[in-house]
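Per-entry structural report
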Amino acid sequence: MALEIVKYGDPVLRKKGARIEKITPEIEKLVKEMFETMYAARGVGLAAQQIGKALQLCVIDVSEVEDRPSTLEVNNQEADVKAFMPLTLINPEIKPLGKEVAGAEGCLSFPEMYAEITRQESVEVTALNAKGQEMHFRAGGLLARAIQHEVDHLNGILFIDRMEKPDKEELKLRLEALQKETKAKLKR
Ligand code: ZN
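Calculation notes
Residues numbered from 1 in each chain as written. Predicted model: local features only at pLDDT ≥ 70, side-chain atom pairs only at ≥ 80, totals over all residues. Heavy atoms only, no water. Helix = DSSP H or I, 4+ residues; strand = E, 2+ residues; numbered from the N terminus. Rg over C-alpha atoms; globule rule 2.2 N^0.38 Å. Buried < 20%, exposed > 50% of the residue type's maximum accessible area, 1.4 Å probe, protein only. Contact = heavy atoms within 4.5 Å. Donors = N, O, S within 2.8 Å, 3.2 Å for Na, K, Ca; no water. Polar contact = N/O pair within 3.5 Å; in protein donor to acceptor, adjacent residues only side chain to side chain. Core = buried A, V, L, I, M, F, W, Y, C linked by side-chain atoms within 4.5 Å.

Counting its secondary structure elements, the chain contains four helices and seven strands. Scaling as 2.2 N^0.38, a compact globule of 188 residues should have a C-alpha radius of gyration of about 16 Å, and the chain matches this with 16 Å. C-alpha atoms of the chain, sized along the principal axes, occupy 50 × 40 × 25 Å. Here the chain holds 188 residues, and the buried ones make up 45% of them. In the chain, 70% of the contacts between residues at least 6 apart in sequence involve partners at least 24 apart.

So this is what it looks like as structure tokens:
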């Protein structure tokens with residue numbers, strides 16, 4: 001079942017996620033629901049904070065995106081991105097690599113808001129998958145961007161924190177309105 005996505009203004013988005021020590025049936029259910037929620041919202045990534053749980057858990061699937069390429073290396077060998085999707089990352093540790101690149105980003109917790117965000121071109125990832133097995137890989141392109149965006153969420157960091165000042169200034173009124181709306185909803 002698709003869950004409601006937490007919007008900007010909810011304090012859970014600022015919480016650092018707790019590490020997951022064991023893949024319990026509750027975690028398995030949460031992963032399934034997070035994928036359902038992400039697909040229903042047509043997103044390419046979703047962090048646990050966005051469904052109200054401060055955990056080190058995010059889901060990603062870039063396989064439907066044709067116009068923004070992704071790259072993947074597993075064991076130093078080029079691998080098929082689509083075959084690697086969907087991706088569940090538990091307790092991820094990342095090392096951003098390469099040069100910085102700007103690219104358009106949105107976030108399901110900020111409906112209809114987009115901005116250019118500068119991130120590193122590729123990223124080395126160590127994480128557990130949904131079965132609790134350790135994975136190591138290197139991602140580039142859109143996948144690297146999505147991973148950096150989601151891992152930020154797991155640490156309470158939002159894409160507005162990485163926006164250029166003029167872009168954030170332009171969104172200021174809409175951000176304030178969204179924050180107000182979310183806070184009013186939480187009081188009800
Ligand atoms: Zn986001």
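Before going further, it helps to spend a moment on the coordination of the zinc ion. Looking at the zinc ion, the protein donor atoms are Cys-107 (SG), His-149 (NE2) and His-153 (NE2), and they sit 2.0 to 2.2 Å from it. When the donors of the zinc ion are listed by position in the chain, the intervening gaps give C-x41-H-x3-H. Taken as a pair, His-149 and His-153 lie in helix 3 (residues 141–154) at a separation of four residues, close to a single helical turn. Of the two residues, His-149 and His-153, neither departs from the other in class, the shared state being buried.

Once that is clear, we can look at unusual backbone geometry. Cis geometry is found at the peptide bond from Met-85 to Pro-86, where omega equals -10°. Here Pro-86 is to be found in the loop between helix 2 (81–84) and strand 5 (87–107). Positioned with a positive phi, Asn-76 is a non-glycine residue whose angle comes to about 60°. Mapped onto the secondary structure, Asn-76 falls in the loop between strand 3 (70–74) and strand 4 (77–78).

Turning to the side chain of His-149, a few remarks are in order. Using a relative accessible area of 6% as the deciding quantity, one classes His-149 as buried. There is a polar contact of 2.8 Å between the side chain of His-149 and the side chain of Glu-105. Excluding anything up to four places from it in sequence, His-149 contacts Glu-105, Gly-106, Cys-107, Arg-119 and Phe-159.

Next up on the list: the nonpolar core. Soluble globular proteins tend to pack their nonpolar side chains together in the buried interior. Counting residues in hydrophobic clusters, the biggest one holds 22 residues, and the most contacted among them are Ile-60, Val-62, Leu-87, Leu-89, Phe-137, Leu-143 and Ile-147. Looking at this core, the elements that each hand over two or more residues are strand 2 (57–60), strand 5, strand 6 (110–128), strand 7 (134–140) and helix 3. At seven residues, helix 3 tops the list of elements feeding residues into this core. Setting aside residues up to four positions removed in sequence, Ile-60 forms contacts with Phe-35, Met-38, Val-44, Gly-45, Met-85, Pro-86, Leu-87, Leu-89, Leu-143, Ala-146, Ile-147 and Glu-150. Among the nonpolar cores identified, the runner-up in size contains 16 residues, and Tyr-8, Val-12, Leu-13 and Met-113 belong to it.

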